[in-house]
Amino acid sequence: MAAMISAREAGCVVCQTCGNVASIHEERCPRCTHRLSSRDTLSEQKVWAWLIAGLIAYIPANIYPMLLTTQNFRTTESTIIAGVIDLYDHHAYAVAIIVFVASILIPVGKFVVIGYLAILTRSAHRTDPHRLLRFYEIVEFIGRWSMIDVFVVAILTALVQFDVLASINPGIAAVCFALSVVFTMLAAQSFDSRQIWDRLEDGAHHG
Amino acid sequence: MDERDLPEPEQAEPRRSRVSWVWLVPVVALAISVLVVWQTYSNQGPVIIVSLPSASGVEAGETPLRFRDVEVGLVEDVTFATGLEAVEAHIRLDSEVAQYVDADAQFWLVEPQVTTRGVSGLSTVLSGVYLEGTWDGEIGRPAVRFEALENTPLSRPGEEGTRIVLRSRDGGQLSPGAPVLYNGIEVGRLGEAELSEDGTLITMDAFIEAPHDQRLTTNTRFWDISGISIDLNTSGLSVNFESLASLVEGGVAFEALVTGGESIEPGQAYNVYTSRAEAQRSVFEAPVDQALDLAVILPADDLRLVLGALVRYGGIRVGEVTNIVGYTDPRNPDAGVQALVNFTVSPARIGLRDAETPEALIEALERRVENGLRVRVASEGLLGTTLILEVFEDEDHDDRQLETELVENPLLPAAAADIAQSSTDLDAIVSRVAALPIEDLMASAIDTLDGITALATGEDIRALPGNVNDLVAEIRSVVAAEEIGQALTDLSGAAEALETLVTGISESEGLSTTLTALENSETIISNVQTFTAGLPGVLTSVEELVAELDATPVTAAASSADRVLRRLERILSAEAATDLPDSLNSSLEELAGLLTELREGGAAANLNGTLASADSAFTSLEAAAGQVPAIVERLNSLVASLQGVAADYDDGSAVYGELRAAINDISQAADAFRSLARAIERNPNSLITGR
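Residues numbered from 1 in each chain as written. Chains lettered and ligands numbered in written order. Predicted model: local features only at pLDDT ≥ 70, side-chain atom pairs only at ≥ 80, totals over all residues.

A. Region of interest: the overall build of chain A. Helix and strand content of chain A: seven helices and six strands. Across chain A, helices and strands are ordered from the amino to the carboxyl terminus as β-β-α-β-β-α-α-α-α-β-β-α-α. Within chain A, buried positions represent 32% of all 207 residues. Taking contacts inside chain A between residues at least 6 apart in sequence as the whole, the part at least 24 apart equals 62%. (Helix = DSSP H or I, 4+ residues; strand = E, 2+ residues; numbered from the N terminus. Buried ≥ 20, exposed ≤ 12 C-beta atoms within 10 Å, placed from the backbone. Contact = placed C-beta atoms within 7 Å.)

B. Examining the overall build of chain B more closely. Looking only at helices and strands, one finds 17 helices and 25 strands in chain B. Looking at chain B as a whole, 26% of its 691 residues are labelled buried. For chain B, contacts bridging at least 24 residues in sequence account for 70% of all contacts bridging at least 6.

C. Expanded view of the packing of helix H1 (residues 43–63) of chain A against helix H3 (residues 93–120) of chain A. Residues and elements named next belong to chain A. Two elements in contact, H1 and H3, have axes whose closest approach is 11 Å; the angle formed by their N-to-C orientations is 155°. Judged by the angle between their axes, H1 and H3 are roughly antiparallel. Judged by the twist between their axes, the crossing of H1 over H3 is left-handed. On the side of H1, the interface is formed by Glu44, Val47, Trp48, Leu51, Gly54, Leu55 and Tyr58, while H3 contributes Pro107, Phe111, Ile114, Gly115 and Ala118. (Axes fitted to C-alpha atoms, helices over the stretch in contact; angles between N-to-C directions. Parallel < 35°, antiparallel > 145°, perpendicular 65-115°, else oblique. Left-handed = near helix turned anticlockwise from the far one by under 90°.)

D. Spotlight on the confidence of the model for chain B. All names here are of chain B. Averaged over all residues, the pLDDT of chain B equals 72, while 62% of them reach at least 70. Low pLDDT, under 50, characterises residues 554–558; the stretch is placed with eleven contacts to residues that sit more than four places away or in other chains. Low confidence marks residues 602–607, where pLDDT is under 50. Its contacts with residues over four positions away, or in another chain, come to six contacts. Interface confidence in the predicted complex, given as ipTM, is 0.82; pTM for the same model is 0.45. (pLDDT = per-residue confidence, 0-100.)

E. The sheet that holds strand E5 (residues 106–110) of chain B, seen in detail. Residues and elements named next belong to chain B. Ordered by their spatial adjacency, seven strands build a closed barrel running E1-E4-E3-E2-E8-E5-E9, and the pairing between neighbours is mixed. Strand-to-strand twist across the sheet, computed as the mean angle between neighbouring axes with direction ignored, equals 35°. When strand E3 (residues 70–80) meets strand E4 (residues 87–94), the two strands line up antiparallel, connected through seven bridges. Bridge pairing in E4 links Thr79 to Glu88. (Pairing = 2+ DSSP bridges.)

F. Region of interest: the environment of B:Ser51. Residue and element names in this part refer to chain B. By secondary structure assignment, the location of Ser51 is in strand E1 (residues 44–52). Since 17 C-beta atoms lie within 10 Å of it, Ser51 is described here as partly exposed. A sequence separation of 27 residues divides Ser51 from Val78, and the C-alpha atoms of the two residues are 9.5 Å apart. Setting aside anything within four residues of it in sequence, one finds Ser51 in contact with Ala81, Ala86, Val87, Glu88, Glu147 and Ala148.

G. Structural context of the sheet that holds strand E3 (residues 67–71) of chain A. All names here are of chain A. Read from one edge of the open sheet, four strands run E4-E3-E6-E5, paired in antiparallel fashion. Every other strand in the sheet has two partners, leaving strand E4 (74–78) and strand E5 (161–162) as the edge strands with one partner each. In the sheet, E3 pairs with strand E6 (residues 166–170) via five bridges, with the strands oriented antiparallel. Each residue of the ladder has a partner; that of Thr70, found in E6, is Ser167.

H. Representation of unusual backbone geometry. All names here are of chain B. Of the consecutive residues Ala210 and Pro211, the connecting peptide bond is found in the cis state with omega at 0°. Despite not being glycine, Arg68 shows a phi value in the positive range, around 50°. You can see Arg68 is positioned in the loop between strand E2 (64–67) and E3. With phi around 55°, Leu84 is a residue other than glycine that occupies positive phi space. Within the element layout of this structure, Leu84 appears in the loop between E3 and E4. Here Leu84 falls in the exposed class, since 7 other C-beta atoms lie within 10 Å of it.

I. Structural context of the pairing of strand E9 (residues 145–149) of chain B. Residue and element names in this part refer to chain B. One ladder, built from three bridges, connects E1 with E9; its direction is parallel. Bridging across to E9, Ser51 finds its partner in Glu147. Where E5 lies against E9, two bridges are found, and the strand directions are parallel. When the bridges of E9 are listed, Trp108 appears paired with Leu149.

J. A look at helix H5 (residues 148–159) of chain A. All names here are of chain A. Its twelve residues give H5 an end-to-end C-alpha distance of 16 Å, which sits within 8% of 16 Å, the value for a rise of 1.5 Å per residue. Of all the positions in H5, only Asp149, Val150 and Val153 are classed as buried. Summarising the axial view, the buried residues of H5 lie within an arc of 100°, below the 170-degree limit, and thus occupy one face. Across H5 from its buried face, at more than 90 degrees, point the exposed residues Phe151, Ile155, Ala158 and Leu159. Along its buried surface, H5 packs onto E3, H3, E6 and helix H6 (172–190). (Expected span 1.5 Å × (residues − 1). Arc of directions from axis to C-beta.)

K. Highlighting the packing of H3(A) against H6(A). Residues and elements named next belong to chain A. Packing of H3 against H6 leaves a shortest axis separation of 11 Å and a crossing angle of 30°. The angle between the axes of H3 and H6 places the two elements in the roughly parallel class. When you trace H3 past H6, the crossing you get is left-handed. Residues Pro107, Lys110, Phe111 and Ile114 of H3 lie in contact with H6, whose contacting residues are Ser180, Val181, Thr184, Ala187 and Ala188.

L. Region of the structure containing helix H1 (residues 24–43) of chain B. Residue and element names in this part refer to chain B. A rise of 1.5 Å per residue sets the reference length of H1, with its 20 residues, at 28 Å; its end C-alpha atoms lie 28 Å apart and thus fit the reference within 8%. The complete set of buried residues in H1 reads Val25, Pro26 and Ala29. The buried residues of H1 occupy an angular sector of 95° when projected down its axis, which confines them to one face. Along H1, exposed side chains directed more than 90 degrees from the buried face belong to Val28, Ala31, Val34, Leu35, Trp38, Gln39 and Ser42.

M. Just the nonpolar core, in detail. Ranked by internal contacts, the top residues of the largest apolar core, which has 43 residues, are A:Trp50, A:Ala53, A:Ala57, A:Ile114, A:Phe177 and A:Ala187. Listing elements by their share of this core, those giving two or more residues are H1, helix H2 (80–89), H3, helix H4 (129–143), H5 and H6 of chain A together with H1 of chain B. The biggest single contributor to this core is H6(A), with twelve residues. Within the second largest apolar cluster, 30 residues are counted, among which are B:Leu298, B:Tyr313, B:Leu373 and B:Leu412. (Core = buried A, V, L, I, M, F, W, Y, C linked by C-beta atoms within 7 Å.)

N. Expanded view of the pairing of E1(B). Pairing geometry for E1(B) and E4(B), over seven bridges, is antiparallel. By the bridge assignment, B:Ser51 is partnered in E4(B) with B:Glu88.

O. Representation of the confidence of the model for chain A. Summary statistics for chain A give a mean pLDDT of 85 and a share of 95% for residues scoring 70 or more. Confidence, read as mean pLDDT per element, is least for helix H7 (residues 195–198) of chain A in chain A (80) and greatest for H6(A) (91).

Here's what the structure looks like:
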């Protein structure tokens, strides 16, 4: 495999908006006049900030009730994990797994992966940059699907409204969870994937 | 590498000192979280523990605590008390009320209740049960552990009113929450009924709301209005019930049945009487204030004593019977089961005034028993059917003592019952009344009335007027008979002949003439004699006729009229009859004088015989004349009777007319007799002289 050279090493910079390759000396993209920068210097800060915000929002999302289910005059409140257990108890294994994966596995996984990437790219590392990139792409791709739980709540709320007989309302956790997902997505986006290559140690370069 | 020779790109001066604005997001999120957490904890009050007999429907995290129907806490946990004797609900109070929940706070469980008075706690059917608490607005000694009340409390702190205690013998009709009525308006409610320690009384709290509690005085009486009261008496049947609720749930009413009375303190005890009438009676029976429990053993057979029967001493009420139980005397088991009658007595009213301690009281009582204090069953009331217990001083008492060891209460010796007197008398009266032959009497009366009816409607009575008619016709024919007229004419002729004779006698000069005259006179006299001899026969037949008439039932039928007419008859007899014989006598005396003259005139001896004949003729005449008033009398009475009969019949009837005529005829006959009698009376000589 031929030695890899980064755009920065080639004296080029890619416009993040239109993909135009310009000289590293250019302040702005000659095509779309977007501000060019070879590296986002605040990326690391942003990632951590969004990540922490996401984590903060994720705590009440799990403590407070996600769903307010009113059935026969009685209102029950269920948190995310209680909802999963309920579904499991009702033998709705597929739905239980989907909700579990979307509401717990994925967000937690994202926190871990983004944190891992952020920590790893701060200092010199020997990890295969392609694998890291793959991780990053997966996280970014999957982030939007984390909203599946919020969608379920939104749809159920819209559909099941029979007043005291049966109705479902979103709890405060739904808002927190949505915020958490948004924050983690922003964290993933804030991550400048180009940094993966910046601190590669020699020898690890070519795997 | 030539790439390395490439000029280092001119990088913009990295803004390392800059801090991304994105940091604001987690900071704000953190701030909000901290704020929420802080607020939650700052609002959170202390946890109190309320122990319940069972956690029926109480759920952790679900069951709220309410105060005046506002949620002020939540059951956080439900655990068992140590020893598993109760369930403890851990309630997180809201901080704003926490300080008021002090030691006097009360808690109870609100569950749905459907009663006759309505549905309460309906919301709990759907929302589940909740705990309700009550406390006042003052901060007191704080407390953490509470015991839940079994029922909704009678009154809430701060509610104006008075709590009283009601005592009843039978609480079966009275349920908690039942109304207390005053003139039909609900002014309070009853609490839970509780049995007194000895099991003879039921006490219950009652709460009378302000301002109605002002009506409570020491003269107030309570009575049970549960169910229906049916009263059957002489004024009819009356059915009463106060309200539909009280019909099912029971209830009490109260009223000050007499004015006056002092105001009461909370906790005043009242008796609940079984009816208003009973309560009214109690007003006049002063209540027994201080009670001394006593007992007496009485023979169980025919013991008609009832619970609550009065105990009297010298006629004054001193207490009442509280309990009657079967009892076998251990000293005398052969006597079988006897009745142990427990009763209360006010010591002051039986003269045990000075004793201050119970021991002294018993001692004084012992002395009284030694002096003859006994208990017996006595009867009371108009009919003597109400039995009471009488405490009395027995004059000739035995030496039995007060027994304090045998049964729970001091046992007074019993004396023979005093129920015989009045009730025996009554029995006698009743049996005598029962023995009266009322039915026989009635039967006789009915028979008599039947007889009267049959008589009145019978043929005999109807035929009676006809008979009377015939009778009257007969009488008329008698009166109008030739013989009577002939007799009178003969009498008149005889009198004239006698007159001429006497004239001849006085004018004659020769004896022969006198003799012929005398002979003539003798024949005349014999004629008169024969007539007068016949006259009694006629008179007798008239008499018989009249007697027959008298004997007819007409007289009896017209008995009332008869009585009036008899009076008239008496008058007539006084007028016509009494004087007549005297007059006749005097006339005959004159005649006798005349004959004496004749004898002195030197008349022959035949004259004597003639005169003797004349004498006997006059005697007959005298007898006949003596009967005339009787005939007149009889005729009068006949007329009267007939008049009475006639009065009974209608004026227009033919019978009446006939009768009238008959009566007139008889009247005329009577008048003829009367005038004859008068004529003879006025001038008896005319009988002889013919003038």
